[in-house]
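Residues per chain, in single letters:
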Amino acid sequence: MSSAKQLDVSKALATASLFHFFHSAGNYCVMPFLTIYFRQLGLNAPLVGIVMGVKYIIYVLWAPLCSYLANNGIRRRILITTSLFLSVGAGITFVFIPPLSKDTFTNFCNVSQTWNNRLAISGDMALSSHDNTSFSLPESSQTTPLDSYLEMHLTHPPRTSENSEPTKKAIHVSYPSSINLTHKSKPSSSRKKILDNSSTLTSSTFSTATRMDSISADHALSGDGSEMPLTDSQPTVSSIHVLHAKLPHAKKVRDTHVKLSSPVYFLADEQKVFLMVLGAVIIWEIIAAPLDWTADDSLYEYLDFVDATDRHGKLWIWNYLGACMGCGAIVLLIDNFSCFIYHDVPRVSLHFFSYSTFMVISLLLSSLFPIHASKKSEHNNKTIKALGLIGSDGGIVLIAVTVFLTGVIGSTANNFLFWRMQDIGSSELYMGMSVAIALLSEMILYLFRNKLLKALSFKWTVALGLSCLAAQLLYYSFLWNSWSVLPIQLLSAFSNGALWWAINSQAEDVATPGTERSLQLVLHSLSYGFGSSVGSFSSGFVSHRFGLSVLYQACCLTLVLWIILFLLIQPRLPQLKKINYSRLLAADNSDMSDSEDEPERDWLVKAMKDENFNRKW
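Anyway, here's the lowdown on the structure attached to this text. (Residues numbered from 1 in each chain as written. Predicted model: local features only at pLDDT ≥ 70, side-chain atom pairs only at ≥ 80, totals over all residues. Heavy atoms only, no water.)

With respect to the overall build of the protein chain
Counting its regular elements, the protein chain contains 23 helices and 4 strands. Long-range contacts, defined here as pairs at least 24 residues apart, represent 84% of the contacts in the protein chain between residues at least 6 apart. (Helix = DSSP H or I, 4+ residues; strand = E, 2+ residues; numbered from the N terminus. Contact = heavy atoms within 4.5 Å.)

In structure tokens:
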């Protein structure tokens, strides 16, 4: 190969590396934090699981189809450029989805604040509360805010002139937002005494006030009895108009309050937000999903054309470096803002603005991206051949079941780990650090990849990876503070890195010539596509019913049982060794026999005889 051709390959790889770096940085500005954004919008775990499950299933079906249809250089260039251009607008679309309640959005945002920001917000609320002469009550107190107000104002009524008619005026009770009305209580003795002695408050008025208090308390409790933040969709007793019973519109006011408190309206609002989020995710995934698959196919076929496919396997490092930079930079940026950047613009918008910025940079680099469409017709049939291999060998079937199970269980950590961290008061800074530590640990262990695979057989490498994943899930169920998740992320080097290195290496050994990469892509799609989709659908309902801790512990137990089955089944399967004829052709002359009397020593005859021998994994 000429030096000019070598220079072209170097430039192509440099451009592809930069493209993957910025594109991965943009994805990791949003993707790891997508589920907590849905939570801030007001969606519960089952709905978030449905959204993420639909996202995964669209990717695994739509991406290879688009890559197959774009079978020439011009179509691939148009597909990549169009996908990047539309992704810029699709990402910003999420900013305009209204939350179910602004109070819910602010509540979850405050949980993700750093301790100094939360302290400042608490100080501002206390100052505002003091200016409004509000008051707070201990949880153990049996006196409700309505009791205290009535005792304060009705026992010492405001002075009025002799000609005034106080019975025709309304008494307005206004509570500050810091009061949490989460307890039902019977009318206290002070309330009864005041109502009996007051001539301005009749029994019908007291019934209205008590009814509003009960409705508010009902909406302040979640289904499992835990205290939930009060939202605009869950009306509070922030303003109660205690009207005289003789007013003609008193009954109409009471009926209006009861109608607004109906849960039918709350469910309708939640369904609207869910449908908007689901529609936005579907459109976004249809636009963005074909990009990775098409770009990777184009680059691989370009390197195959110049006989440099061995350099294709190093590009994942640039993806990881971009991911570390993206998730690290965005959390450092967001950590300096409060819940809202400017008026009603939430700080979560920075995730999508950063994503769009990196997509613009990737769009500029896409014009230089190396694209080559092979004219060989067999390239279109490689995926079909790889699918046929899965059902032809028991060892590949066992690998397929393993990767599918890891996809199902791994999606629970990807989707709801940040929910678990948010519940214990972790900020987005620690969330981004956890992702970066996991990726960096894989890159460091990659330096010792060959030594690890030689020291451990395939069987024990897979067992080690699954055991580390089980240990991580069990650890997640017992998180105790915001930073406690960071140390366990080091095990991702084995639970994700070493596990997939062993699986990819085994796929190369058992695949027929030319289908190695296709078989690896099928296994990855089975795990991160179908497996993650099934895991998202199921984990959302399980976590909503039993909690995240129980979900992680159940996943850990499932992995432990599968490790035992894997170690028992794998040695009993027929294991065939693939003969690498290119290495045999490069063998030393001393290995070949020139004597016609000893045909058994001929390298080709020996290779043909030993092609089906069993080898130790």
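Focus on the nonpolar core
Formed by 115 residues in total, the largest nonpolar core has its most connected members in Phe38, Phe94, Val277 and Leu473. In this structure Phe94 touches Tyr37, Phe38, Ala280, Val281, Trp284 and Phe352, once residues within four positions along its chain are discounted. With 5 residues, the next largest nonpolar core counts Leu445, Leu452, Ala493 and Ala498 among its residues. (Core = buried A, V, L, I, M, F, W, Y, C linked by side-chain atoms within 4.5 Å. Buried < 20%, exposed > 50% of the residue type's maximum accessible area, 1.4 Å probe, protein only.)

Concerning the pattern of salt bridges
The final tally for this structure, using the stated rule, is 5 salt bridges. With a closest N to O distance of 3.6 Å, Lys55 and Glu285 form a salt bridge. Separated by 230 residues along the polypeptide, Lys55 in helix 3 (residues 45–69) and Glu285 in helix 11 (residues 263–305) bring together distant segments of the chain. With a closest N to O distance of 3.2 Å, Glu301 and Arg76 form a salt bridge. Of this pair, Glu301 sits in helix 11 while Arg76 sits in helix 4 (residues 73–93), placing them 225 residues apart in sequence. The exposure class of Glu301 is buried, given its relative accessible area of 11%. One salt-bridge network, held together by shared partners, links Asp296, Asp297 and Arg517. (Salt bridge = Lys/Arg side-chain N within 4 Å of Asp/Glu carboxyl O.)

Digging into the packing of aromatic side chains
Enumeration according to the criterion identifies 18 aromatic pairs in this entry. A ring pair is formed by Phe19 and Phe369, whose centres lie 5.0 Å apart and whose planes are at 55°; its orientation type is tilted. Of the two residues, Phe19 sits in helix 1 (residues 3–28) while Phe369 sits in the loop between helix 13 (349–366) and helix 14 (382–390), which places them 350 residues apart along the sequence. Taken together, the ring pairs connect Tyr37, Phe38, Phe94, Trp284, Phe352 and Tyr355 into an aromatic cluster. Geometry around Tyr300 places Arg517 over its ring, the cationic atom sitting 4.5 Å from the centre. (Phe/Tyr/Trp six-rings, centres within 6.5 Å; stacked < 30°, edge-to-face > 60°. Lys NZ or Arg CZ within 6 Å of the ring centre and 35° of its normal.)

Overview of a nonpolar patch on the surface
On the surface, a nonpolar cluster with roughly 600 Å² of combined accessible area is contributed by Leu557, Val560, Leu561, Ile564, Leu565, Leu568 and Ile569. Here Leu557 lies in helix 21 (residues 548–569). (Patch = residues over 30% accessible without salt bridge, like charges linked within 9 Å, V, L, I, M, F, W, Y side chains within 5 Å. Areas by Shrake-Rupley, 256 points an atom, 1.4 Å probe, with all protein chains shown as cover.)

Describing helix 20 (residues 516–546)
Along an α-helix, a turn takes 3.6 residues, which lines up residues three or four apart on a common side. Its 31 residues give helix 20 an end-to-end C-alpha distance of 42 Å, which sits within 8% of 45 Å, the value for a rise of 1.5 Å per residue. Of all bends in helix 20, the biggest is about 35°, found at Ser532. In the stretch just after helix 20, Gly547 is the one whose phi turns positive, near 100°. (Expected span 1.5 Å × (residues − 1). Bend = angle between axes of the 7 residues up to and from the residue.)

Points about the side chain of Ser482
Mapped onto the elements of the fold, Ser482 is located in the loop between helix 18 (458–476) and helix 19 (492–510). Ignoring any residue separated from it by four or fewer positions in sequence, one finds Ser482 in contact with Met421, Ile424, Gly425, Ser426 and Tyr430.

So, unusual backbone geometry
The phi torsion of most residues other than glycine is negative, and most of the peptide bonds are trans. A positive phi is found at Asp307, a non-glycine position, where the angle reads about 60°. According to the relative accessible area criterion, Asp307 is exposed, its value standing at 66%.

Examining the side chain of Asp297
Following the sequence through the fold, Asp297 ends up in helix 11. Accessibility expressed as a relative area gives 11% for Asp297, which makes it buried. In terms of polar contacts, Asp297 uses its side chain to reach the side chain of Ser67, at 2.6 Å. Of note is the side chain of Asp297, whose polar atom sits 2.8 Å from the side chain of Arg517. Contact partners of Asp297, with chain neighbours within four places excluded, come to Ser67, Arg76 and Arg517. (Polar contact = N/O pair within 3.5 Å; in protein donor to acceptor, adjacent residues only side chain to side chain.)

Concerning helix 2 (residues 34–41)
Burial of helix 2 is extensive: 8 of the 8 residues sit out of reach of the surface. When helix 2 is considered as a whole, its buried residues turn out to be Leu34, Thr35, Ile36, Tyr37, Phe38, Arg39, Gln40 and Leu41. One or two steps after helix 2, the chain reaches Gly42, where phi turns positive at roughly 110°.

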